[in-house]
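Here are the chains, one letter per residue:
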Amino acid sequence: MAEKFVRPRAAELDRSGEYGWDILEALKSYRLTGIWIPEEYGGQGAGVLDICLVVEQLSRACGGIGVAYAVNASARSDRPRRHPEQKQKYLPPIAAGTALIAFGLSEKASGSDAGSLRTTAIRDGSDFILNGHKKWNTNGAVASTFTVYALTDPDKGMRGISAFIVEKGTPGFSVGKREDTMGIRTVPVNELDFVDCRVPESQVVGGKEGGGFRNAMMTLDRARPGVAAQALGLAQGGLEWALRYASERRQFGQTVMSHQAIQFMLADMATQVEAARQLVYTSARAIDAGVKNINKIAAMAKVFATDTAMKVTTDAVQLFGGYGYCRDYPIEKYMRDAKITQIYEGTNQVQRLVIGRALTRELKELTGHLDVTVEHFPDFTPAANPTEE
Ligand code: COS
């Protein structure tokens with residue numbers, strides 16, 4: 001599907017910035033929209049690994065289409081899935097591909113520090129009145145259903161955040177400025193504005209006020225393998241273009257592929273792509289298996305696959321030489337698309353923070369405390385390793 005419908009359109013969608021509506025139609029006809037949705041709601045009951053496999057193949061042809069697909073799966077958070085009325089209302093249109101999803105967490109002054117968001121949702125009878133502004137909303141201009149995080153209890157800070165489902169067209173809600181992005185240009189990335197926007201309490205995600213920050217964190221943990229899969233597809237696609245070019249381009253009387261310096265570069269690129277693949281699939285399988293603490297492995301997959309994508313696509317541009325720097329050739333787009341994967345869904349610095357905190361937690365469980373001294377390593381103390389007489 002990706003080879004037939006996505007690859008031939010990638011360059012044009014990148015140039016025009018137009019959303020790939022024709023590709024959405026193809027995804028629908030292949031029954032690939034909302035594959036993660038249970039069968040009784042029109043989906044295929046598939047898991048995160050399946051989402052990753054689709055995202056990888058789409059991104060191998062076009063990173064923008066890959067993320068346009070992946071962002072719809074952000075609705076796959078735990079709480080709405082446990083709320084029968086919301087499931088009944090929102091899941092079938094996503095499965096049918098008639099509803100596209102966007103995830104509204106970040107704000108102008110609240111990015112990595114997601115808990116510092118300022119949008120408010122103040123209760124008024126059985127409704128909430130939303131006021132504020134969201135930033136970096138991937139899919140913004142095309143989505144019909146938005147998950148929006150807002151403070152229902154501003155005095156409690158991040159512990160007073162709740163998540164809302166907001167529908168396009170709700171009075172007081174508008175999609176604002178579109179960003180002129182470096183890559184993933186087929187996907188609109190917008191600001192969102194809320195001015196006295198009234199949302200009924202039935203649209204509090206999961207039907208329960210509060211717990212929004214935790215919900216956002218859990219959603220991100222489960223979505224990060226999807227961004228990692230986008231990066232993996234970009235890295236794989238970049239590698240394939242580099243291989244093709246290196247086996248055709250001739251310099252010094254032979255293909256550049258025949259030069260050992262180039263072979264070594266390609267060998268490193270291929271090894272890194274394969275290592276990223278294993279981590280992406282492992283993290284996805286862990287989520288599908290219901291493993292409890294998946295934030296570390298999800299962050300590892302995200303950080304490794306996206307750093308790999310950046311490195312491999314940059315090396316692929318290098319292998320193309322001057323041609324790699326020109327828009328006549330497909331490879332520079334891979335590098336532009338790859339860059340954002342290191343930034344969104346939590347920067348790679350935040351991922352390292354998440355991994356570091358998880359390691360600290362594990363160490364605490366292992367040792368009972370953090371005051372590690374030499375006695376914690378008895379095998380390495382002089383008594384256990386007597387020196388020769
Ligand atoms: N799963 C469940 N709960 C989690 C969690 C997770 N992965 N991470 C944190 N929490 C809970 C904590 O247990 C804590 O709960 P209590 O209030 O009951 O103690 C609460 O959330 C606050 O956690 P913490 O103190 O770790 O929050 P921080 O402000 O330090 O922020 C980071 C943590 C930096 C990890 C978070 O803000 C983050 O992920 N930022 C990046 C945001 C992001 O990815 N944005 C991209 C959006 S898409 S464009």
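Keep in mind that this is a model prediction, so the values were computed, not measured.

Colleague: Can you lay out the domain arrangement of the chain for me, pointing to particular residues and giving the numbers?
Modeller: Split by domain assignment, the chain resolves into domain 1 (2-96), domain 2 (101-210) and domain 3 (214-366). Between the C-alpha centres of domain 1 and domain 3 the distance comes to 21 Å. The interface is formed by 24 residues belonging to domain 1 together with 28 residues belonging to domain 3. Seen at the junction of domain 1 and domain 3, the total is 3 salt bridges. A salt bridge links Arg60 to Glu240, with the nearest nitrogen and oxygen atoms 2.9 Å apart. At the boundary of domain 1 with domain 3, the tally comes to 9 residue pairs in polar contact (both at pLDDT 80 or more). Looking at the side of domain 1 that touches domain 3, the elements with two or more residues in it are helix 2 (10-16), helix 4 (48-61), helix 5 (63-72) and helix 6 (78-81). The biggest single contributor to the side of domain 1 that touches domain 3 is helix 4, with 9 residues. Of the residues assigned to the side of domain 1 that touches domain 3, the class counts are 10 nonpolar, 6 polar and 8 charged.

Colleague: Which residues make up the pattern of salt bridges, and what are the values?
Modeller: In total, this model carries 27 salt bridges according to the counting rule given. The partner of Asp14 in a salt bridge is Arg336, with the nearest N and O atoms 2.8 Å apart. In this pair, Asp14 is assigned in helix 2 and Arg336 in helix 11 (residues 331-341), connecting sequence segments 322 residues apart. Note on accessibility: Asp14 and Arg336 belong to one class, buried. A salt bridge links Lys333 to Asp337, with the nearest nitrogen and oxygen atoms 2.6 Å apart. Residue Lys333 and its partner Asp337 are both found in helix 11; the two are separated by 4 residues, about one turn of the helix. Using a relative accessible area of 9% as the deciding quantity, one classes Lys333 as buried. Judged by relative accessible area, which is 1%, Asp337 ranks as buried.

Colleague: Which residues make up unusual backbone geometry, and what values go with them?
Modeller: Positive phi, close to 55°, is recorded for Arg31, a residue that is not glycine. Mapped onto the elements of the fold, Arg31 is located in the loop between helix 3 (21-29) and helix 4. In the Ramachandran plot, Asn139 falls in the positive-phi region, its phi being about 85° despite a non-glycine side chain. Here Asn139 lies in the loop between strand 3 (127-138) and strand 4 (145-151). Residue Asn139 is classed as buried on the basis of its relative accessible area, which comes to 0%.

Colleague: Please give an account of the packing of helix 8 (residues 212-248) against helix 9 (residues 260-288) that cites residues and values.
Modeller: Relative to each other, helix 8 and helix 9 sit at 155°, their axes nearing to 9 Å. In terms of axis orientation, helix 8 runs roughly antiparallel to helix 9. The two elements helix 8 and helix 9 meet at a crossing, and its hand is left-handed. Contact residues: Asp221, Arg222, Pro225, Ala228, Ala229, Leu232, Ala235, Gln236, Leu239, Ala242, Leu243 and Ala246 in helix 8; Ile262, Leu266, Met269, Ala270, Val273, Ala276, Arg277, Val280, Tyr281, Ser283 and Ile287 in helix 9.

Colleague: Break down helix 4 for me, citing the residues and quoting the values.
Modeller: Between its first and last C-alpha atoms helix 4 spans 20 Å; for 14 residues at 1.5 Å apiece the expected length is 20 Å, and the two agree. With 10 of 14 residues buried, helix 4 lies mostly within the body of the structure. Among the residues making up helix 4, those that are buried are Val48, Leu49, Ile51, Cys52, Val54, Val55, Glu56, Leu58, Ser59 and Ala61.

Colleague: Describe the site of the ligand, naming the residues involved and giving the relevant values.
Modeller: Near the ligand there are 20 residues, and of these Ser112, Arg159, Asp221, Arg224 and Arg357 occur at the shortest range. Ser112 is positioned such that a nitrogen or oxygen atom in its backbone is 2.8 Å from a nitrogen atom of the ligand. For the ligand, whose free accessible area comes to 1,000 Å², the fraction covered by protein is 69%. Within the residue set of the shell around the ligand, elements represented by two or more residues are helix 8 and helix 12 (348-367). Looking at the shell around the ligand element by element, the count peaks at 7 residues for helix 8. Taken together, the residues that form the shell around the ligand break down as 9 nonpolar, 5 polar and 6 charged. No fewer than three residues from each of domain 2 (101-210) and domain 3 (214-366) sit in the shell around the ligand.

Colleague: Any chance you could break down the packing of aromatic side chains for me, citing the residues and the numbers?
Modeller: Applying the stated criterion across every chain yields a total of 9 aromatic pairs. An angle of 80° between the planes, with centres 6.0 Å apart, marks the rings of Phe5 and Tyr30 as edge-to-face. Of this pair, Phe5 sits in helix 1 (residues 2-6) while Tyr30 sits in the loop between helix 3 and helix 4, placing them 25 residues apart in sequence. For Phe5, a relative accessible area of 29% translates into the label partly exposed.

Colleague: Break down the environment of Gly324 for me, with residues and values.
Modeller: Positionally, Gly324 belongs in the loop between helix 10 (295-320) and helix 11. With relative accessibility at 0%, the residue Gly324 sits in the buried group. Excluding residues within four positions of it along the chain, Gly324 makes contact with Val317, Ile331 and Glu332.

Cut-off values and rules
Residues numbered from 1 in each chain as written. Predicted model: local features only at pLDDT ≥ 70, side-chain atom pairs only at ≥ 80, totals over all residues. Heavy atoms only, no water. Domains from an automatic or database assignment. Contact = heavy atoms within 4.5 Å. Salt bridge = Lys/Arg side-chain N within 4 Å of Asp/Glu carboxyl O. Polar contact = N/O pair within 3.5 Å; in protein donor to acceptor, adjacent residues only side chain to side chain. Helix = DSSP H or I, 4+ residues; strand = E, 2+ residues; numbered from the N terminus. Nonpolar A, V, L, I, M, F, W, Y, C, P; charged D, E, K, R; others polar. Buried < 20%, exposed > 50% of the residue type's maximum accessible area, 1.4 Å probe, protein only. Axes fitted to C-alpha atoms, helices over the stretch in contact; angles between N-to-C directions. Parallel < 35°, antiparallel > 145°, perpendicular 65-115°, else oblique. Left-handed = near helix turned anticlockwise from the far one by under 90°. Expected span 1.5 Å × (residues − 1). Near = heavy atom within 4 Å. Areas by Shrake-Rupley, 256 points an atom, 1.4 Å probe, with all protein chains shown as cover. Phe/Tyr/Trp six-rings, centres within 6.5 Å; stacked < 30°, edge-to-face > 60°.

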